[in-house]
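# Results of the structural survey
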Amino acid sequence: MAPNYRLFIFNMFLIIYILTLSCNLLITLLMFFSKLSHSPMYMFLSNLSMSEILFTSSIAPPMLYVIYRGGATFPLGGCFIQCYLFGSLGTLESFLLSVMSYDRFLAICRPLYYSLIMTPRLCLSLILVCWMSAFLIMSISLIFLTTLNFCSINIIDHFFCDFVPLLSLSCSDTSTVQVVVSLLSSTATVFPFLLIIVTCGFIIKAIIGISSSKGKQKAFSTCSSHLGVVSMYYATLIMVYYEVPPGHSLEANKVLSLLYTVLTPLLNPFIYTLRNQEIKTAIRQIWTSVKRT
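Here the structure is a predicted model, which means the values were calculated and not measured. (Residues numbered from 1 in each chain as written. Predicted model: local features only at pLDDT ≥ 70, side-chain atom pairs only at ≥ 80, totals over all residues. Heavy atoms only, no water.)

### What about the state of the cysteines?
What the rule picks out here adds up to one disulfide. Residue pairing for Cys-79: its cysteine sulfur links by disulfide to Cys-161, the two sulfurs lying 1.9 Å apart. Disulfide Cys-79-Cys-161: torsion about the S-S bond near -45 degrees, hence left-handed. In this pair, Cys-79 sits in helix α3 (residues 76-109) while Cys-161 sits in the loop between α5 (120-146) and α6 (163-168), placing the two residues 82 residues apart along the sequence. You'll find Cys-79 and Cys-161 in the same group, each marked buried. (Disulfide = S-S within 2.5 Å. Helix = DSSP H or I, 4+ residues; strand = E, 2+ residues; numbered from the N terminus. Buried < 20%, exposed > 50% of the residue type's maximum accessible area, 1.4 Å probe, protein only.)

Spelled out as structure tokens, the structure:
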């Protein structure tokens, strides 16, 4: 790669990384310093933004280093750590999105019971379970991955240490590891995705049943941003790890991985802020308070 072209790519991804950190940090701080912090949905959203900050930070800095140097050497242990963090935080996002879908289901389909069911204690418990479960699942995967032997030539044709490229370097029989990780991945992605599909079906049915157009618009505005994030997240995830369309090339896999690991964490805050009136109102209120001081 020519130095000028490499410098352009480096600057582009550096700007994306800075924007991602800034936007998600803004959402996180907004939840703590506004009245929205008492709402279950925004408690989940603040944790989603924190996970996005950690998620992109596990990928972007090493990737920028590789681009700047035109290639780099990392210890195998460092690759394991990146794979573990990336997998854990990706799993955490999947769990948080499913919990947020359940929260929207209760708010729209069971509004009279919402405050009784979705209490602050339950919210904190769900958030804690999401964090602990995500890192526990990836800990099991990492244990099985570290039991493998690796060849002397360890060259990964990717911009980060993903599970599949690491597995392809092993000289051991990887069938057992593949089965275990596939089962764990199903727990982390397929089941949350099915829960989201079911809750979305009930939500759409409930919105259609609302008589007034104003009520429909209000109900749709509360979940449209979340549905947008869910669609973008799972669309790229399925295309990367379940090969849709089948047989796509390694270069296509890299492009899709960029969407999943770099662009999605940047776009999520914009989707939530642009499609959510409550967040935009809170931003204006905080900005007005800052201007007055």
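Next comes the rest of the write-up.
### Quick look at the side chain of Thr-28
Locating Thr-28 in the fold gives a position in helix α1 (residues 3-32). For Thr-28, a relative accessible area of 6% corresponds to the buried category. Leave out the neighbours within four places in its chain, and Thr-28 touches Ser-46, Ser-49, Met-50 and Ile-53. (Contact = heavy atoms within 4.5 Å.)

### Looking at helix α2 (residues 40-69)
Taking 1.5 Å as the rise per residue, α2 with 30 residues should run 44 Å; its terminal C-alpha atoms sit 44 Å apart, in good agreement. Remark: the principal bend of α2, roughly 30 degrees, maps to Ser-57, with a proline, Pro-61, within the next four residues. For α2, the tally of buried residues reaches 21 of 30 residues, placing the bulk of the element in the interior. Positive phi appears at Gly-70, one or two residues downstream of α2, with a value of about 75 degrees. (Expected span 1.5 Å × (residues − 1). Bend = angle between axes of the 7 residues up to and from the residue.)

### What to know about a nonpolar patch on the surface
Nonpolar side chains collect at one region of the surface, where Tyr-102, Leu-112, Tyr-113, Leu-116 and Ile-117 lie side by side and expose about 550 Å² of accessible area between them. In terms of residue count, the dominant contributor to the nonpolar patch is helix α4 (residues 111-117) (four residues). Within the secondary structure, Tyr-113 is located in helix α4. (Patch = residues over 30% accessible without salt bridge, like charges linked within 9 Å, V, L, I, M, F, W, Y side chains within 5 Å. Areas by Shrake-Rupley, 256 points an atom, 1.4 Å probe, with all protein chains shown as cover. Salt bridge = Lys/Arg side-chain N within 4 Å of Asp/Glu carboxyl O.)

### Quick word on the packing of α2 against α3
Running from N to C, α2 and α3 point in directions that differ by 160 degrees, and their axes come no closer than 9 Å. Taken together, the axes of α2 and α3 are roughly antiparallel relative to one another. Considering the relative orientation of α2 and α3, their crossing is left-handed. Its residues placed into classes, the contact of α2 with α3 shows 17 nonpolar, five polar and four charged. (Axes fitted to C-alpha atoms, helices over the stretch in contact; angles between N-to-C directions. Parallel < 35°, antiparallel > 145°, perpendicular 65-115°, else oblique. Left-handed = near helix turned anticlockwise from the far one by under 90°. Nonpolar A, V, L, I, M, F, W, Y, C, P; charged D, E, K, R; others polar.)

### Some details on the packing of aromatic side chains
This model, assessed by the stated rule, comprises six aromatic pairs. On the numbers, 6.3 Å between centres and 5 degrees between planes, the contact of Trp-131 with Phe-135 is stacked. Here Trp-131 pairs with Phe-135, and both are found in helix α5, just four residues apart, close to one helical turn. The rings of Tyr-84, Trp-131 and Phe-135 are connected pair by pair, giving a single aromatic cluster. (Phe/Tyr/Trp six-rings, centres within 6.5 Å; stacked < 30°, edge-to-face > 60°.)

### Things to note about the environment of His-38
Within the secondary structure layout, His-38 lies in the loop between α1 and α2. For His-38 and Pro-120, which are 82 residues apart along the polypeptide, the C-alpha to C-alpha distance reads 8.0 Å.

### Description of the pattern of salt bridges
Applying the stated rule across the entire model yields one salt bridge. Residue Asp-103 pairs with Arg-104 through a salt bridge whose shortest N-O separation is 2.7 Å. Just as Asp-103 is buried, Arg-104 falls in that class too.

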